[in-house]
Amino acid sequence: MSKVLNKVLFLLIILDFIFIPLYPKTPFLNINETFVAIRLEDFLIAITYAVWGITTVSEKKIKDLFNDRLNQAMLLFFFIGLVSLFSGIFLTQTVVSSKLGFLHFIRRVEYMMFLPITFYVVRTKKQLFTILWILMLVVLGVNIYALGQQYLDWPVISTTNSEFSKGLILRLTPGARVNSTFAGHYDLAIFLTSVLVILTSVYFGVNKRNRIWIIILALLSMGILILTAARISFVAAVLGMFMVIIMLKKKKLIALFIVILLMILIYPSQLRDRLVSTITVNILNLGQRYSAQTNDQRLRSTINIPTLAIKTSSTSAQTSTFATPSGKTATDITPGEPIDTTQLGVYRSFEIRLNLEWPRAILGFLKNPLLGTGYSSLAITVVKDRIDSIAIDNDFLRSLGEVGILGTIAFVLIIIDVLKRLRNGFRNQDKFIRHLCVGVFVMILAFLINAVFIDVFEASKVAELFWMVLGLSLASLKFNT
Amino acid sequence: MSRIIFIVFSILLFIYMIWPQPLKIADFKPLPNSFKSTLDGDTVQVPNVSAYFSNNYREFALRFYKDNYQGAVKLPFSPYRLNYPPEYSFIAIKKHTDTTYLEELVYPLKGSLFVNGFEPYYENGEPKYWGSSKFAIGESVFDTKVTLRLFPSPFWARFIVFLGIIASIIMLKKLFLKIVFNKRLLRNL
């Protein structure tokens, strides 16, 4: 019975590794008050968890599970999350919908539980390699689909706004960025960052025949990463790969690495333009700015009154609308913003974080420093007259705002424990496992770099894969003991 | 030593959290020389909301309610101020609230008072935007409208949260020692 359950569980985990990254984010069940939907993969995950639960009970492993300090840290994180949610609903009353808050909490549990499950399921080196080979094929599939979107007009499913997230089948418009099956270019970019970092490390741990496949896959992944034009993920990937080279003491490769990096930066691409704009607009504050065309525009750009009436006139064309008939300037541009569309995108990307999203999280933290204001409390704002969801785009601030200093410390403890275990793996007798541990160790650091500007631990596909890969790498440390 | 600090902290936190606090908006005084709004949405439609027309501007109104709140709670320290973007008033007060500023006076882990102000004119009389107008109530004309919303918390919720915080701190310390210093036993807690 136990053997059969373990086989079923292993197959389910393989299915998760295939299904989660490859199945588009098509909604299955919509939920009121949010445009985040329940998808088919959630049912697959629920089945996996149910089978895991039955297997654990039948093998009498529950005590072992609770004795593990990493599992204890995760349970504590969930406990503090629940206390924070309770506080957010009944004490600070910042969780507007308790149902939504609870779903946000369940989402964290759903993602993180992949670590102990994958750790539990993978028991042999053969199982590890089976999953890794499947993952390589999955990465290949993700990259090929991204190329199809870019050059062959393949369908795009996106969740970047409330309309798209209804499951609309879209096509990439000129200037739009590929997202493959990840429904958002940032999500795809973070996935590729993790892939590149791990591949760089694993490359030195395999034989020459396999190295060719790794090089092909890494080059393809880097190409797609450039197509996403995600600056922070690109920086994280570059720093991560550089860190791997240093940690593995392959210093001779640094020069080659720098040459490749320079070639990427010189070659004209949207990524290069956005990186340059980051320096000119965000850091040096340069670039031609839009000036107010009317006195009303000037006044409006200095005040923030959501219910303010718009000045209109039947005889004058000088209304408050900032649209320009030329089509060269964005119709919703406001005084002080860059006129160039690339610069405008980069400017807004940072300003929204700095002036809207991050202050919300800081206010949540200040309101209740110990517990934050609860899950789902920060990600709300008012768009026109409707309460809507926003991201925080900084996972450190989001954590402090949602679960306070206590929840954040619990989360940090989980990461520290995983890092310490992986560091022990650096001394593993098996060369491949040693390199896998280095790659996953740096992948965590790359994730944390991404977390400065993106909510990586809430990005469903990416977060699920993150915890699965951690479970997989920690499982590999069991083989020699 | 750390055990004593923790026990003292727990006792102080417990006293602070169960300390009485205003439970209804009527426990707060009206602004000086003001007229209480009887408009829809400013009375009974939204819980614990009241609004006042007056000539009191932001700094005065905030200082007034900060002192008022501290007086009602009777703690030796005042609540702190958090400044929100005006559009958040749609969530904190009610939808379509006219606003030029929104601040919150907070006693963390107890309750808070949102103070929303609508000031169509600067204090020097200059209009802030096209179409600025004063508030005409009967024969009186006022410069500003201040809307308050109180968020008190029930005693049982504070008690449960207190237990949750204490349990979390104890377990966090145990795990911190285990994970960071590889210590198995806990001596102090």
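For every chain, the first residue of its written sequence is number 1, and the numbers climb from 1 along that sequence. Chain letters and ligand numbers both follow the written order, the letters beginning at A and the numbers at 1. Reporting in this predicted model follows two pLDDT cut-offs: at least 70 for local features of residues, and 80 or more for side-chain atom pairs to be given and counted; totals over whole chains, interfaces and linings ignore these cut-offs and use all residues. Processing note: side-chain calculations cover all non-hydrogen atoms of the structure and skip hydrogens and water entirely.

Each helix corresponds to a stretch of at least 4 residues labelled H or I by DSSP, and each strand to a stretch of at least 2 residues labelled E; elements are numbered beginning at the N terminus. Secondary structure assignment for chain B yields four helices and eight strands. Helices and strands appear in chain B in the N-to-C order α-β-β-α-β-α-β-β-β-β-β-α. For the radius of gyration, the atom set is restricted to C-alpha positions; the globular benchmark scales as 2.2 Å times the number of residues to the power 0.38. What you see for chain B is a C-alpha radius of gyration of 22 Å, clearly larger than the 16 Å of a compact globule of 189 residues, by over 25%. Principal-axis analysis of the C-alpha atoms places the extent of chain B at approximately 75 × 30 × 30 Å.

A count of helical and extended segments in chain A gives 17 helices and two strands. What you see for chain A is a C-alpha radius of gyration of 24 Å, in line with the 23 Å of a compact globule of 481 residues. Once the C-alpha set of chain A is aligned to its principal axes, its extents read approximately 80 × 55 × 35 Å. Note on definitions: a residue-residue contact is assigned when non-hydrogen atoms from the two residues lie within 4.5 Å. Long-range contacts, defined as pairs at least 24 residues apart, comprise 74% of the intrachain contacts of chain A with a sequence gap of at least 6.

Let's shift gears to the packing of aromatic side chains. Residues and elements named next belong to chain A. Aromatic contacts are taken between Phe, Tyr and Trp rings whose centres are within 6.5 Å, Trp giving its six-membered ring; a plane angle under 30 degrees counts as stacked, one over 60 as edge-to-face, and the others as tilted. Applying the stated criterion to the full structure yields 44 aromatic pairs over all chains. Ring centres of F19 and Y23 lie 4.7 Å apart, and the angle between their planes is 10°; this geometry places the pair in the stacked category. Here F411 and F457 contribute two aromatic rings whose centre-to-centre distance is 5.0 Å and whose plane-to-plane angle is 75°, an arrangement assigned as edge-to-face. You can see F411 sitting in helix α15 (residues 395-425) and its partner F457 sitting in the loop between α16 (431-450) and α17 (460-476), a full 46 residues away along the chain. Comparing F411 with F457, the two get one shared label, buried. Throughout, exposure labels follow a simple rule: accessible area from a 1.4 Å probe, protein chains only, divided by the maximum for the residue type, with under 20% read as buried, over 50% as exposed, and the rest as partly exposed.

Once that is clear, we can look at the packing of α16(A) against α17(A). Residues and elements named next belong to chain A. Remark: α16 packs on α17, axes separated minimally by 10 Å, with the N-to-C direction vectors making an angle of 150°. Between α16 and α17, the angle falls in the class roughly antiparallel. Read as a crossing pair, α16 and α17 show a hand that is left-handed. Taking contact as the criterion, the partners of I433, L436, V440, M443, I444 and F447 in α16 are, on α17, V462, F466, V469, L470, S473 and S476. The residue makeup of the contact of α16 with α17, split by class, is ten nonpolar, two polar and no charged. Lines are fitted to the C-alpha atoms to define the axes, a helix being fitted only along its stretch in contact, and any angle between axes, read from their N-to-C directions, falls within 0 to 180 degrees. Note on terminology: angles under 35 degrees are roughly parallel, angles over 145 are roughly antiparallel, angles of 65 to 115 are roughly perpendicular, and the others are oblique. In this scheme the handedness of a crossing depends on how the near helix is turned from the far one: anticlockwise by less than a right angle means left-handed, clockwise means right-handed. Residue classes follow a fixed rule: Ala, Val, Leu, Ile, Met, Phe, Trp, Tyr, Cys and Pro count as nonpolar, while Asp, Glu, Lys and Arg count as charged, and any other residue, Gly among them, counts as polar.

Looking now at the environment of D340(A). Residue and element names in this part refer to chain A. Mapped onto the secondary structure, D340 falls in the loop between α13 (295-300) and α14 (341-367). Expressed as a C-alpha distance, the spacing of D340 and T26, which sit 314 residues apart in the sequence, is 34 Å. A polar contact of 3.1 Å, which involves the side chain of D340, links it to the backbone nitrogen of T342. Separated by 2.9 Å, the side chain of D340 and the backbone nitrogen of Q343 make a polar contact. Side-chain atoms alone can form a polar contact between residues adjacent in sequence; in general such a contact is a pair of N or O atoms within 3.5 Å, and within protein one must be able to donate a hydrogen while the other accepts it.

Either a parallel or an antiparallel arrangement is found when strands of a sheet pair, and the pairing is made through backbone hydrogen bonds. Spatial ordering of the open sheet is given by β1-β2-β8-β5-β4-β3 (chain B), a layout of six strands whose pairing is antiparallel. Strands at the two margins of the open sheet, each flanked by one partner only, are β1 (35-36) and β3 (80-84) of chain B. When DSSP locates at least two bridges between a pair of strands, those strands are taken to pair. Of the strand pairs in this sheet, β1(B) and strand β2 (residues 49-54) of chain B are connected by two bridges, and their pairing is antiparallel. Residue pairing for β2(B): F35(B) is matched across the bridge by F53(B). Its contacts with the sheet place α14(A) against β3, β4 (101-107) and β5 (111-118) of chain B, and it is angled at close to 160° to β3(B).

We now examine the packing of helix α1 (residues 2-22) of chain A against helix α6 (residues 114-121) of chain A. Residues and elements named next belong to chain A. The contact between α1 and α6 brings their axes to 10 Å, and the two run at 130°. It follows that α1 is oblique to α6 by the angle criterion. Along this stretch, α1 crosses α6, giving a crossing that reads as left-handed. Across the interface between the two elements, N6, L9, F10, I13, D16, F17 and I20 from α1 touch F114, I117, T118, Y120 and V121 from α6. When the residues that make up the contact of α1 with α6 are grouped by side-chain class, the tally is nine nonpolar, two polar and one charged.

All right, on to the interface of chain A and chain B then. Listed as interface residues are 45 residues of chain A and, on the opposing side, 50 residues of chain B. When two parts are put together, the accessible area they lose, computed with a 1.4 Å probe and summed over both, is reported as buried area. Of the roughly 4200 Å² buried where chain A meets chain B, counting both sides, 73% is carbon and sulfur surface. Salt bridge, as used here: a side-chain nitrogen of Lys or Arg that lies within 4 Å of a carboxyl oxygen of Asp or Glu. Remark: the boundary between chain A and chain B carries one salt bridge. Of the charged contacts, one joins E104(B) and K367(A) as a salt bridge, the two residues approaching to 2.5 Å between their closest N and O atoms. Inspection of the chain A/chain B interface yields seven residue pairs in polar contact (both at pLDDT 80 or more). Listing elements by their share of the side of chain A that touches chain B, those giving two or more residues are α4 (69-91), α13, α14, β1 (380-383) and α15 of chain A. Considering each element in turn, the side of chain A that touches chain B owes the most residues, eleven residues, to α4(A). Tallied by class, residues from the side of chain A that touches chain B come to 29 nonpolar, seven polar and nine charged.

So, on to helix α1 (residues 2-18) of chain B. Over its 17 residues, α1(B) extends 24 Å from the first C-alpha to the last, a length consistent with the 24 Å expected when each residue adds 1.5 Å. Of all the positions in α1(B), only F6(B), S10(B), L13(B), Y16(B) and M17(B) are classed as buried. Projection of α1(B) onto a plane perpendicular to its axis shows the buried side chains occupying an angular sector of 135°, all on one side. For α1(B), the exposed residues lying more than 90 degrees away from the buried face are I4(B) and L12(B). At its buried positions, α1(B) is contacted by α4 of chain A together with β4 and α4 (155-181) of chain B. Expected span of a helix: the number of residues minus one, times 1.5 Å. The arc under discussion is defined with respect to the helix axis, by the directions toward the C-beta atoms.

In this section: the environment of Y52(B). Residue and element names in this part refer to chain B. As for its placement among the helices and strands, Y52 is situated in strand β2. Between the C-alpha atoms of Y52 and S112, which are 60 residues apart in sequence, the distance is 19 Å. Setting aside residues no more than four positions away along its own chain, Y52 makes contact with F28, P30, L31, S34, F35, K36, Y65, T144, K145, V146 and L148.

As a further point, take a nonpolar patch on the surface. A surface patch of nonpolar side chains, about 620 Å² in accessible area, is lined by F90(A), I18(B), F155(B), W156(B), F159(B), I160(B) and L163(B). Checked against the element boundaries, F155(B) lands in helix α4. Each patch is built from residues that are more than 30% exposed by relative accessible area and take part in no salt bridge. Like charges join if they lie within 9 Å; nonpolar side chains (Val, Leu, Ile, Met, Phe, Trp, Tyr) join within 5 Å. A 1.4 Å probe and the Shrake-Rupley method give the accessible areas. Residues count as covered only by the protein chains that appear here.

The next thing to look at is the confidence of the model for chain B. Each residue carries a pLDDT value, the predictor's own confidence for that position, ranging from 0 to 100. Averaged over all residues, the pLDDT of chain B is 93; the fraction at 70 or higher stands at 96%. Every residue in residues 185-189 of chain B is under pLDDT 50, and counting partners more than four places away or in other chains gives ten contacts.

Residue and element names in this part refer to chain A. Applying the stated rule across the entire model yields 26 salt bridges over all chains. Put simply, E402 and R398 hold a salt bridge, and the shortest N to O gap is 3.5 Å. Separated by four residues within a single helix, E402 and R398 lie in helix α15, roughly one turn from each other. As far as burial versus exposure is concerned, E402 and R398 are alike and both buried. D455 is the salt-bridge partner of R398, the closest N and O atoms lying 2.8 Å from each other. Of the two residues, R398 sits in helix α15 while D455 sits in the loop between α16 and α17, which places them 57 residues apart along the sequence.

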